[in-house]
Amino acid sequence: MFWNDPDKMERYLDIAQSSLLPLLEGAVVYTLPLSLITFVCGLVLAVLTALARISTIKPFQWIARVYVSAIRGTPLLVQLFILFYGLGSVGVVIDPFPAAVIGFSLNVGAYASEVIRAAILSIPKGQWEAAQMIGMTYSQTLRRVILPQATRVSIPPLSNTFIGLVKDTSLASAILVTEMFRRAQEIAAFNYEVLLLYTEVAILYWIICFLLSLVQGRLENRFDRYVSI
Amino acid sequence: MIKINGLHKRFGDLEVLKGIDLEINQGKVVVVIGPSGSGKTTLLRCLNILEVPSAGSITIDGQTTDFSKPVPKKEVDIFRRKSAMVFQHYNLFPHMTALQNVMEGPMIVQRKSKEEARQQAEQLLTTVGLGDKLDYYPHQLSGGQQQRVGIARALALEPKVMLFDEPTSALDPELVGEVLQVMKNLAGTGITMIVVTHEMRFANDVASEVIFMDQGKIIERSQPSEMFTNPKEERTRQFLNLIQ
């Protein structure tokens, strides 16, 4: 085995070192931008979907329900394939990166909408009434009173969504986005050190997610200043 | 000042207000008492349209709104500005400081400048004895202090009528006094007040008039001295016996 073979050990270290830069490049150029862009788009979609779900207008409710059900009921990989290969086959060609952005945004939108809906519903009715009493409109009430409080409640579950998203972006490799995992695949195809590269890329995902969980902790502290703990 | 005509409120099959007629003059302090489920809180909430009455009309400060047909949103907004409510559970905005809570209405709804809203809020909070707690968040304040912020927040809207929905019911006994004191001071300023409460001492000392409600109707209304010593109606007598 490699741990009692100095030559092999040296080759491993060499490969690990030389592949680090391309892997990080994949993370910085694709994995992280893809995660951030889709998370922001997804959140906007999620808030709209959540508002549609709690609105009193039936058609809005139904559109939101069907959307969430369809996305949650089908595999992400299948959705990406439909967007990229499926639509491509009938002449609607979308580049890999935009296709991934659309696919992941739709996904985050559906899952996060349930988080945000629950967070909005967790705000006591008295808050809506107090806002109404001082004369706020519906949108003022949402912006000034409900969403700021709902944000605090949603930080832990939304952090989960985001961390999940960062890892899920590895699926974009299947529609030819050269993000971090696809880089690892490409390098492994070249030097056959499959275990080494996939372990290396796993550790990199882990580090990224660990750093994100630290950010989550800081966000939670910041928003907790107005509640007694 | 306030004129209520044939006010009804139904929740599904349940009729909570069964035809309320009431007239209240400018500057009066009217205390509404009655058993739970008598409709007194609903009556108060109808005056701020937190509940939309099912039928009847209300006139406040010269503006009459008829609830037997749907009321346009614009009219609701104008109508609502005539009154401001102090809630049983304060309902302060927990993510805003005391000062921000009081500034919110004037700044966001009435579009006053930040400076003007701040000055007014500081002054109001000082009036209710919280001049040194401007930057405290609600959770850092006691129940009595929170309710006083609630009163300042309502006053900041410069309403014609102040509505108090059991303002001391959620408070520890030792904190009730400070809130009642603020309300007493307010009663001397000429603002019209409608207070739903179980504080009979307050009613006796401050009210210009006491109204007894039961089962969605006004059973009796009179001066506090009259109401508490010599009630005319049997049901009023029973209720007062129970709580005294």
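Here the structure is a predicted model, which is why all the values come from computation and not from measurement. (Residues numbered from 1 in each chain as written. Chains lettered and ligands numbered in written order. Predicted model: local features only at pLDDT ≥ 70, side-chain atom pairs only at ≥ 80, totals over all residues. Heavy atoms only, no water.)

Attention now moves to the confidence of the model for chain B. For any part of a model where pLDDT is low, the fine detail of the predicted coordinates should not be relied upon. This prediction gives chain B a mean pLDDT of 94; 100% of its residues lie at or above 70. This complex was scored by the predictor with a pTM of 0.86 and an ipTM of 0.93. (pLDDT = per-residue confidence, 0-100.)

Here we come to the sheet that holds strand S7 (residues 161–165) of chain B. All names here are of chain B. Read from one edge of the open sheet, six strands run S6-S7-S8-S3-S9-S10, paired in mixed fashion. Each of the sheet's edge strands pairs with one partner strand only, and the pair in question is strand S6 (83–86) and strand S10 (217–222). Neighbour-to-neighbour, the strand axes of this sheet turn through a mean angle of 20°, independent of strand direction. One ladder, built from five bridges, connects S7 with strand S8 (residues 192–196); its direction is parallel. (Pairing = 2+ DSSP bridges. Helix = DSSP H or I, 4+ residues; strand = E, 2+ residues; numbered from the N terminus. Axes fitted to C-alpha atoms, helices over the stretch in contact; angles between N-to-C directions.)

In a packed pair of helices, the relevant descriptors are the angle between the two axes and the axis-to-axis distance. Residues and elements named next belong to chain A. The contact between helix H1 (residues 6–54) and helix H7 (residues 180–191) brings their axes to 8 Å, and the two run at 150°. Put simply, H1 runs roughly antiparallel to H7. Judged by the sense of rotation from one axis to the other, the crossing of H1 with H7 is right-handed. Here H1 contributes Arg11, Ile15, Ser19, Pro22, Leu23, Glu25, Gly26, Ala27, Tyr30 and Thr31 to the contact with H7, which in turn contributes Met180, Arg183, Ala184, Ile187 and Asn191. Across the contact of H1 with H7, the residue classes tally to eight nonpolar, four polar and three charged. (Parallel < 35°, antiparallel > 145°, perpendicular 65-115°, else oblique. Left-handed = near helix turned anticlockwise from the far one by under 90°. Contact = heavy atoms within 4.5 Å. Nonpolar A, V, L, I, M, F, W, Y, C, P; charged D, E, K, R; others polar.)

Note that side chains of opposite charge can pair when their charged atoms are close. Taken as a whole and judged by the stated rule, the model has 21 salt bridges over all chains. Here glutamate 186 of chain A makes a salt bridge to arginine 182 of chain A, at a shortest N to O gap of 3.6 Å. A residue pair is termed a helical-turn pair when its members lie 3 or 4 positions apart in one helix, as glutamate 186 of chain A and arginine 182 of chain A do in helix H7 at four residues. Residue class for arginine 182 of chain A comes out partly exposed when judged on its relative accessible area of 22%. Here lysine 82 of chain B ties to aspartate 61 of chain B by a salt bridge, and the two come within 3.4 Å at their closest N and O atoms. One end of the pair, lysine 82 of chain B, is in the loop between helix H2 (73–80) and S6; the other, aspartate 61 of chain B, is in the loop between strand S4 (55–60) and strand S5 (63–66), with 21 residues separating them in the sequence. Each of the salt bridges in this network shares a partner with another, and the network as a whole consists of Lys125 and Glu129 of chain A together with Arg45 and Glu51 of chain B. (Salt bridge = Lys/Arg side-chain N within 4 Å of Asp/Glu carboxyl O. Buried < 20%, exposed > 50% of the residue type's maximum accessible area, 1.4 Å probe, protein only.)

Residues and elements named next belong to chain B. Relative to S10, strand S9 (residues 209–214) runs antiparallel, the two being bridged by five bridges. Bridge pairing in S10 links isoleucine 211 to arginine 221. Between the end of S9 and the start of S10, which pair antiparallel, lie two residues, with glutamine 215 showing a positive phi angle near 50°.

Taken as a whole and judged by the stated rule, the model has eight aromatic pairs over all chains. Relative to tyrosine 138 of chain A, the ring of tryptophan 128 of chain A has its centre 6.0 Å away and its plane inclined at 25°; by these criteria the two rings are stacked. Within this pair, whereas tryptophan 128 of chain A is found in helix H5 (residues 125–133), its partner tyrosine 138 of chain A is found in helix H6 (residues 138–168), the two being separated by 10 residues in sequence. Tryptophan 128 of chain A sits in the partly exposed class, given a relative accessible area of 24%. Three or more aromatic residues joined by ring pairs make a cluster, and in this case those are Phe81, Phe84 and Tyr85 of chain A. For arginine 65 of chain A, the ring lying beneath its charged end belongs to tryptophan 62 of chain A, and the centroid distance is 5.7 Å. Over the aromatic face of tyrosine 136 of chain B sits the side chain of lysine 133 of chain B, whose NZ or CZ is 5.1 Å from the ring centroid. (Phe/Tyr/Trp six-rings, centres within 6.5 Å; stacked < 30°, edge-to-face > 60°. Lys NZ or Arg CZ within 6 Å of the ring centre and 35° of its normal.)

Residue and element names in this part refer to chain A. With 15 residues, helix H2 (residues 58–72) should cover 21 Å at 1.5 Å per step; its first-to-last C-alpha distance of 21 Å lies within 8% of that length. Looking at H2, one finds that the buried residues are Gln61, Ala64, Tyr67, Val68 and Ile71. Here the buried residues of H2 occupy an arc of 135° about the axis, which is enough to place them on one side. Relative to its buried face, H2 has exposed residues pointing more than 90 degrees away, namely Lys58, Trp62, Ile63 and Val66. Packing partners of the buried residues in H2 comprise H1, helix H3 (76–89) and helix H4 (96–121). (Expected span 1.5 Å × (residues − 1). Arc of directions from axis to C-beta.)

So, on to the nonpolar core. Counting 137 residues, the largest nonpolar core has Leu125, Ile151, Met162 and Met193 of chain B as the members making the most contacts within it. In terms of residue count, H4 of chain A provides more of this core than any other element does, 10 residues in total. Residues in contact with methionine 193 of chain B, not counting those within four places in the same chain, are Lys28, Val29, Val30, Met162, Phe164, Met183, Leu186 and Ala187 of chain B. (Core = buried A, V, L, I, M, F, W, Y, C linked by side-chain atoms within 4.5 Å.)

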